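# Structural overview for review
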Amino acid sequence: MRTALLYVLSLLLVMAFQLLLLENVQLLGYLNPYYYPILILLWPLKWNRGLSIVVAFGLGFIMDFIENSGGLHTSALVLLAYVRPLLLRSLVARAVEEGLSVDLPTLGPSKFMTFTAMGLFTFHFWLFSLEAFAWSEFFWVLIRSLASTAVSAVMIYATQLLMLSKE
């Protein structure tokens, strides 16, 4: 119960941060930092996978409603929630088997950053691909995805370091 309450509180804080601050940030014309996928990336392994997809749908719907993006965020976040267990099993099978938490102290810096970067790249590439919706834009989508993934991953890593230092 306590974990669920903390998750809901962090959900509210992360969405407020994304919508009030990061929504207005676009660096160099192509860099869009999206921080809110952290809510799906760090979804506890002990919790229901189907529920993570429902939560991803809800969060994506909120982002689409505010950005008027017609389902792009919903689609990308549901995809992330769907492939997340596959990424975890391929990178950290032990954590999945033992039901450990998906965070920096448990996975270690290299595996945590690899998992985060792969998940964020999947999210960003799908989002920007649907936004461009043309093969002629492939390299532009790839550059935007890599840049946005890098910035978002650094923000998530910094958050994990801050949470670690408070303990």
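Residues numbered from 1 in each chain as written. Predicted model: local features only at pLDDT ≥ 70, side-chain atom pairs only at ≥ 80, totals over all residues. Heavy atoms only, no water.

### Considering the layout of surface pockets
Counted as a void, the second largest pocket has a volume near 210 Å³. As for the second largest pocket, its lining consists of F125, W126, S129, L130, A132, F133, A134, W135, F138 and V141. Of all the elements in the fold, those that place two or more residues in the lining of the second largest pocket are α7 (109-132) and α8 (138-166). Per element, the largest residue contribution to the lining of the second largest pocket is five residues, and it comes from α7. In terms of residue class, the lining of the second largest pocket is made up of nine nonpolar, one polar and no charged. (1 Å grid on protein atoms, 1.4 Å probe; cavity = no way out; pocket = protein on both sides within 12 Å on 5 of 7 lines; lining within 4 Å. Points joined across faces, edges and corners; volume = space filled by probe spheres on them. Helix = DSSP H or I, 4+ residues; strand = E, 2+ residues; numbered from the N terminus. Nonpolar A, V, L, I, M, F, W, Y, C, P; charged D, E, K, R; others polar.)

### As for the nonpolar core
Counting residues in each nonpolar core, the largest one holds 39 residues, and the members touching the most others are Y36, L39, L77 and F123. At the level of secondary structure, the elements contributing two or more residues to this core comprise α1 (2-20), α2 (38-41), α3 (49-67), α4 (72-91), α6 (104-107), α7 and α8. Among all residues touching L77, those that are not within four sequence positions of it are Y36, P37, I40, A56, L59, G60 and F123. (Core = buried A, V, L, I, M, F, W, Y, C linked by side-chain atoms within 4.5 Å. Buried < 20%, exposed > 50% of the residue type's maximum accessible area, 1.4 Å probe, protein only. Contact = heavy atoms within 4.5 Å.)

### Observations regarding the side chain of Q18
Relative to the assigned elements, Q18 resides in helix α1. Other than its neighbours up to four places away in sequence, Q18 contacts E23, P33, Y34, Y35, Y36 and M63.

### A few points about the confidence of the model for the protein
Mean pLDDT over the protein stands at 86; residues scoring 70 or higher make up 91%. When pLDDT is averaged over each element of the protein, α7 comes out on top at 93 and helix α5 (residues 93-98) at the bottom at 66. (pLDDT = per-residue confidence, 0-100.)

### A closer look at the side chain of H73
Mapped onto the fold, H73 is located in helix α4. Those residues in contact with H73 that lie beyond four places of it in its chain are Y34, Y36, G60, M63, D64, E67, F123 and L127.

### Regarding unusual backbone geometry
Backbone geometry places N68, a non-glycine residue, at a positive phi of 55 degrees. Here N68 is to be found in the loop between α3 and α4. The exposure class of N68 is exposed, given its relative accessible area of 70%.

### Examining the packing of aromatic side chains
Taken as a whole and judged by the stated rule, the model has ten aromatic pairs. On the numbers, 6.1 Å between centres and 80 degrees between planes, the contact of Y34 with F123 is edge-to-face. One end of the pair, Y34, is in the loop between α1 and α2; the other, F123, is in helix α7, and 89 residues separate them in sequence. We classify Y34 as buried; its relative accessible area is 8%. Judged by its relative accessible area of 0%, F123 falls in the buried class. Here W43 and W47 contribute two aromatic rings whose centre-to-centre distance is 5.1 Å and whose plane-to-plane angle is 80 degrees, an arrangement assigned as edge-to-face. Taking the relative accessible area as the measure of exposure, W43 reaches 2% and is therefore buried. Each residue in the set F121, F125, W135, F138 and F139 is aromatic and connected to the rest through ring pairs, giving one cluster. Taking the ring centre of Y82 as reference, the NZ or CZ of R49 above it sits at 4.9 Å. Taking NZ or CZ as reference, R144 lies 4.0 Å from the ring centre of F128, over its face. (Phe/Tyr/Trp six-rings, centres within 6.5 Å; stacked < 30°, edge-to-face > 60°. Lys NZ or Arg CZ within 6 Å of the ring centre and 35° of its normal.)

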